[in-house]
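What follows is the residue order along each chain.
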Amino acid sequence: MKDKIALVTGAATGIGAEVCRALATEGAAVAVCDINADAGLALAKEIGGEFISCDVTSSERVEAAVARCVKSLGVPTYAHLNAGIMTVPTGSDFLAIEDVSLMQYRKIVGVNLDGMYHGLRALLPLMRDGGGAITLTASTAGVSTLSIDPMYAATKHAIIGLGRAVAAANTENDVRINVICPGVVDTGIVPDAFKAREFGMMPASVMAAEVVDLLTTGANGEVRIKNAADVAGFAIPAQSETF
Ligand code: NAI
């Protein structure tokens, strides 16, 4: 991966941060894109990458972040569109749809879905010449039921549909589009009630290895589901609901 450029959104913490570390370890120059400047700057310093302030809900800011990456590092070969939020607060274990305010609705759709649209629009035309790969972060909530946060589930279903359709539309190009669907991963987004061992939380590094594998060797249009049950030592009880 030496001399390759990688751009990651939602890169400052959690899964995105581990993906940045893994890509940098492999030799890539990494653009760490996030709204969290403190964590993003610290990570960029740690891995020798570049922090780029980027709110994925804004097309202008995503375009500016991609332009900044191109100017200072180059056109990315790999991109991980990963920024995402939940509607249910971490201190709660359930948010009924009738209690989701219009503002919360717009926010989660803005981050989780608009963010993917803005990223794909800004990156795909640029990446076609040199080829490469883009991985979108969905969730197992995109392929199963997540009663605690219906809007989160809705956006994650949509990401899978978007990724598969864009992959199918780009079979003639050298840019592969894939989707990762993590099960429960030990990061700040997970509601406290799901942090118990029986939910089989995986370390973010496990998911980062899957993302790097999809970026570097994945097919086109793959939707990869990675649950704790697939990871040695993280067997998940059958009755547990997963993200
Ligand atoms: P996290 O909260 O550590 O990471 C999310 C990152 O996105 C943060 O760095 C945050 O600052 C950033 N972000 C939030 N809003 C943003 C915006 N408007 N623009 C740019 N960046 C923004 O949580 P985690 O778990 O690492 O989440 C990463 C992705 O993985 C999300 O898409 C999440 O839905 C997905 N996921 C997480 C699972 C888990 O159990 N942790 C399970 C399945 C999917």
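The rules behind these values
Residues numbered from 1 in each chain as written. Predicted model: local features only at pLDDT ≥ 70, side-chain atom pairs only at ≥ 80, totals over all residues. Heavy atoms only, no water. pLDDT = per-residue confidence, 0-100. Contact = heavy atoms within 4.5 Å. Helix = DSSP H or I, 4+ residues; strand = E, 2+ residues; numbered from the N terminus. Polar contact = N/O pair within 3.5 Å; in protein donor to acceptor, adjacent residues only side chain to side chain. Buried < 20%, exposed > 50% of the residue type's maximum accessible area, 1.4 Å probe, protein only. Pairing = 2+ DSSP bridges. Right-handed = clockwise from strand over helix to strand, strands pointing away. Axes fitted to C-alpha atoms, helices over the stretch in contact; angles between N-to-C directions. Core = buried A, V, L, I, M, F, W, Y, C linked by side-chain atoms within 4.5 Å. 1 Å grid on protein atoms, 1.4 Å probe; cavity = no way out; pocket = protein on both sides within 12 Å on 5 of 7 lines; lining within 4 Å. Points joined across faces, edges and corners; volume = space filled by probe spheres on them. Nonpolar A, V, L, I, M, F, W, Y, C, P; charged D, E, K, R; others polar.

## What about the confidence of the model for the protein chain?
Point 1. In this model, the protein chain carries a mean pLDDT of 92, and residues with pLDDT of at least 70 account for 94%.
Point 2. Long-range and interchain partners of residues 235-243, a stretch whose pLDDT sits below 50, account for 31 contacts in this model, where long-range means more than four residues apart.

## Description of the side chain of histidine 118
Point 1. By the secondary structure assignment, histidine 118 is in helix α4 (residues 102-127).
Point 2. There is a polar contact of 3.3 Å between the side chain of histidine 118 and the backbone oxygen of threonine 57.
Point 3. Not counting chain neighbours up to four residues away, the residues in contact with histidine 118 comprise Val56, Thr57, Ser58, Ser59 and Val62.

## Some remarks on the pairing of strand β5 (residues 132-137)
Point 1. Across the six residues that make up β5, a large majority, six, are buried.
Point 2. By the alternation rule, side chains of β5 split into Gly132, Ile134 and Leu136 and Ala133, Thr135 and Thr137, which are all buried.
Point 3. With four bridges joining them, strand β4 (residues 78-81) and β5 adopt parallel strand pairing. Its bridge partner being in β5, tyrosine 78 is matched across the sheet by alanine 133.
Point 4. With α4 bridging β4 and its parallel neighbour β5, the resulting β-α-β unit is right-handed.
Point 5. Across six bridges, the pairing between β5 and strand β6 (residues 175-182) is parallel. Paired with leucine 136 across the two strands is valine 179, which belongs to β6.
Point 6. Read from β5 through helix α5 (residues 150-169) to β6, the crossover connection turns out right-handed.

## Describing the sheet that holds β6
Point 1. Reading across the sheet, the seven strands line up as β3-β2-β1-β4-β5-β6-β7 and stay open at both edges, with parallel pairing between neighbours. The outermost strands of the open sheet, each flanked by one partner alone, are β3 (50-53) and β7 (223-226). Strand after strand, the sheet turns through a mean of 20° between neighbouring axes, direction not considered.
Point 2. Examined bridge by bridge, strand β1 (residues 5-9) and β4 share three bridges and lie parallel to one another. Within the sheet, the bridge partner assigned to alanine 6 lies in β4 and is tyrosine 78.
Point 3. Across the sheet, helix α1 (residues 14-25) lies against β1, β2 (29-34), β4 and β6, angled at about 170° from β1, the strand it touches most.
Point 4. Along the sheet face, α5 touches β5, β6 and β7 and points at about 160° away from the line of β6.

## Re the nonpolar core
Point 1. Among the nonpolar cores identified, the biggest contains 32 residues, and Leu7, Leu81, Leu123, Ile134, Leu136 and Ile177 are the most heavily contacted of them.
Point 2. Of all the secondary-structure elements, those providing two or more residues to this core are β1, β2, α3 (59-72), β4, α4, β5, α5 and β6.
Point 3. Here this core takes seven residues from α4, the largest share from any one element.
Point 4. In this structure, Ala11, Leu43, Phe51 and Ile180 belong to the second largest nonpolar core, which totals 29 residues.

## Digging into the layout of surface pockets
Point 1. The volume enclosed by the largest pocket comes to roughly 690 Å³.
Point 2. Looking at the largest pocket, it is lined by 35 residues, and the ones nearest its centre are Asn82, Ala83, Gly84, Ile85 and Ile189.
Point 3. Listing elements by their share of the lining of the largest pocket, those giving two or more residues are α1, β2, α4 and α5.
Point 4. A total of three residues in the lining of the largest pocket trace back to one element, the largest contributor, which is α1.
Point 5. Among the residues making up the lining of the largest pocket, the classes are represented as 18 nonpolar, 13 polar and four charged.

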